[in-house]
Amino acid sequence: WLYPDRSKDKVFAEVQKRVAKVVGLPLELIKLSDFQVVSYGIKGHYNAHWDSARVEPKVPCCTRERTKQCRICRYMTILFYLNDVEEGGETAFPVANNSTLDYQTMMEKDLVDLYRKCEESPLKVSPAKGKAVIWYNHFVDDANGWLGPLDEFTFHGGCPVKNGVKWIANFWVKTTDHKIKDLKKMQKFYKASTEKQPKMSKEEL
Ligand SMILES: O=C(O)CCC(=O)C(=O)O
Ligand SMILES: [Fe+2]
């Protein structure tokens, strides 16, 4: 794990800036993200999963406040491939082109098991040095313009590495259910840092 808000590393700072620019979100939100670097060896894989959780109004987001019961709220995922993999190691999205989601069929077909079922995946992204994939884990909530329902078609995972080694880096952009609280937190965070405070219009968010 790396913590963008506490890092003084120049390269990492540059990556954060570029991520903020590409995804069109404020840098403070990127700095309040989870960041992780992972490596997989031969046969290394990651079974299919969602990076975020279904919205449950009674259960708050774990983001920035941990309560006994909380849910993971990752609005967006930015996945970088840090090297070329000789063979395998694709990121697979097993239900990406389904028109509906049927859990029973998913269970019966054992789509979670990417060690065995990778070839059947309709969408696979091959790793390559410098490449990145970005996806929204959630829709935008029409009412509050913030974290909406989980997009369950984002179900994904890492296929087994067949030859070589695979290095990736993930940015998981987190929000809470409370846009106003998030904005305040971001402004406070910005004030505390040495950088100039940005103007954050609704359009920018
Ligand atoms: O290794 C991959 O391609 C996917 C990794 C992933 O989904 C994750 O770390 O959450
Ligand atoms: Fe993931």
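All values derive from a computational prediction rather than experimental measurement.

Enquirer: Explain the overall build of the protein chain to me, please; I cannot follow it from the model alone.
Expert: A tally of helices and strands in the protein chain yields five helices and twelve strands. Scaling as 2.2 N^0.38, a compact globule of 205 residues should have a C-alpha radius of gyration of about 17 Å, and the protein chain matches this with 18 Å. Oriented by its inertia axes, the alpha-carbon framework of the protein chain measures out at about 50 × 40 × 30 Å. Sorting the 205 residues of the protein chain into buried and exposed places 43% on the buried side. Of all intrachain contacts in the protein chain linking residues separated by at least 6 positions in sequence, the fraction that spans at least 24 positions is 79%. By element, 53% of the accessible surface of the protein chain is carried by carbon and sulfur atoms, the whole surface being about 12100 Å². Between the mean site of the 33 positive side-chain charges and the mean site of the 27 negative ones, the protein chain shows a separation of 8 Å.

Enquirer: For this particular structure, what's the right way to read the side chain of S121?
Expert: Mapped onto the fold, S121 is located in the loop between α4 (114-117) and β6 (123-125). Excluding residues that lie within four positions of it along the chain, S121 makes contacts with A92, F93 and P94.

Enquirer: I'm lost on the sheet that holds β6 in this one. Help?
Expert: Two orientations exist for strands paired in a sheet by backbone hydrogen bonds: parallel and antiparallel. One open sheet holds the four strands; their spatial order is β2-β10-β5-β6, and the pairing between them is antiparallel. Each end of this open sheet is capped by a strand with a single partner; those strands are β2 (46-49) and β6. Neighbour-to-neighbour, the strand axes of this sheet turn through a mean angle of 15°, independent of strand direction. Direction of pairing for strand β5 (residues 91-93) relative to β6: antiparallel, over a ladder of three bridges. Paired with F93 across the bridge in β6 is L123.

Enquirer: Is there a simple way to think about the sheet that holds strand β12 (residues 166-174) in this case?
Expert: Spatial ordering of the open sheet is given by β1-β12-β3-β7, a layout of four strands whose pairing is antiparallel. In this open sheet, the two edge strands, each paired with only one partner strand, are β1 (34-40) and β7 (132-136). Adjacent strand axes in the sheet meet at a mean angle of 15° when their direction is disregarded. In terms of strand pairing, strand β3 (residues 74-81) meets β12 through seven bridges, oriented antiparallel. Looking at the pairing, F80 lines up with A169 of β12.

Enquirer: What's the story with the coordination of the iron ion (ligand 2) in this structure? I'm lost.
Expert: Protein coordination at the iron ion (ligand 2) comes from H49 (NE2), D51 (OD) and H156 (NE2), with a distance range of 2.1 to 2.2 Å. Donor residues for the iron ion (ligand 2), ordered by position in the chain, follow H-x1-D-x104-H. The class for H49 is buried, based on a relative accessible area of 16%. Given the relative accessible area of 5%, D51 is considered buried.

Enquirer: I keep staring at the state of the cysteines and nothing clicks. Help me out?
Expert: Note on terminology: disulfide describes a covalent bond linking the sulfur atoms of two cysteines. According to the stated counting rule, one finds three disulfides in the structure shown. Between the sulfur atoms of C62 and its disulfide mate C70 the distance is 2.2 Å. Taking the torsion about the sulfur-sulfur bond, which here is approximately 100°, the covalent link between C62 and C70 counts as right-handed. For C62, a relative accessible area of 14% puts it in the buried group. One disulfide bridge connects C118 with C159, the sulfur atoms lying 1.7 Å from each other.

Criteria and thresholds
- Residues numbered from 1 in each chain as written.
- Chains lettered and ligands numbered in written order.
- Predicted model: local features only at pLDDT ≥ 70, side-chain atom pairs only at ≥ 80, totals over all residues.
- Heavy atoms only, no water.
- Helix = DSSP H or I, 4+ residues; strand = E, 2+ residues; numbered from the N terminus.
- Rg over C-alpha atoms; globule rule 2.2 N^0.38 Å.
- Buried < 20%, exposed > 50% of the residue type's maximum accessible area, 1.4 Å probe, protein only.
- Contact = heavy atoms within 4.5 Å.
- Areas by Shrake-Rupley, 256 points an atom, 1.4 Å probe, with all protein chains shown as cover.
- Lys, Arg positive; Asp, Glu negative; His and termini not counted.
- Charge placed at Lys NZ, Arg CZ, Asp CG, Glu CD.
- Pairing = 2+ DSSP bridges.
- Axes fitted to C-alpha atoms, helices over the stretch in contact; angles between N-to-C directions.
- Donors = N, O, S within 2.8 Å, 3.2 Å for Na, K, Ca; no water.
- Disulfide = S-S within 2.5 Å.

Purely spatial values, then, with no claim about function.
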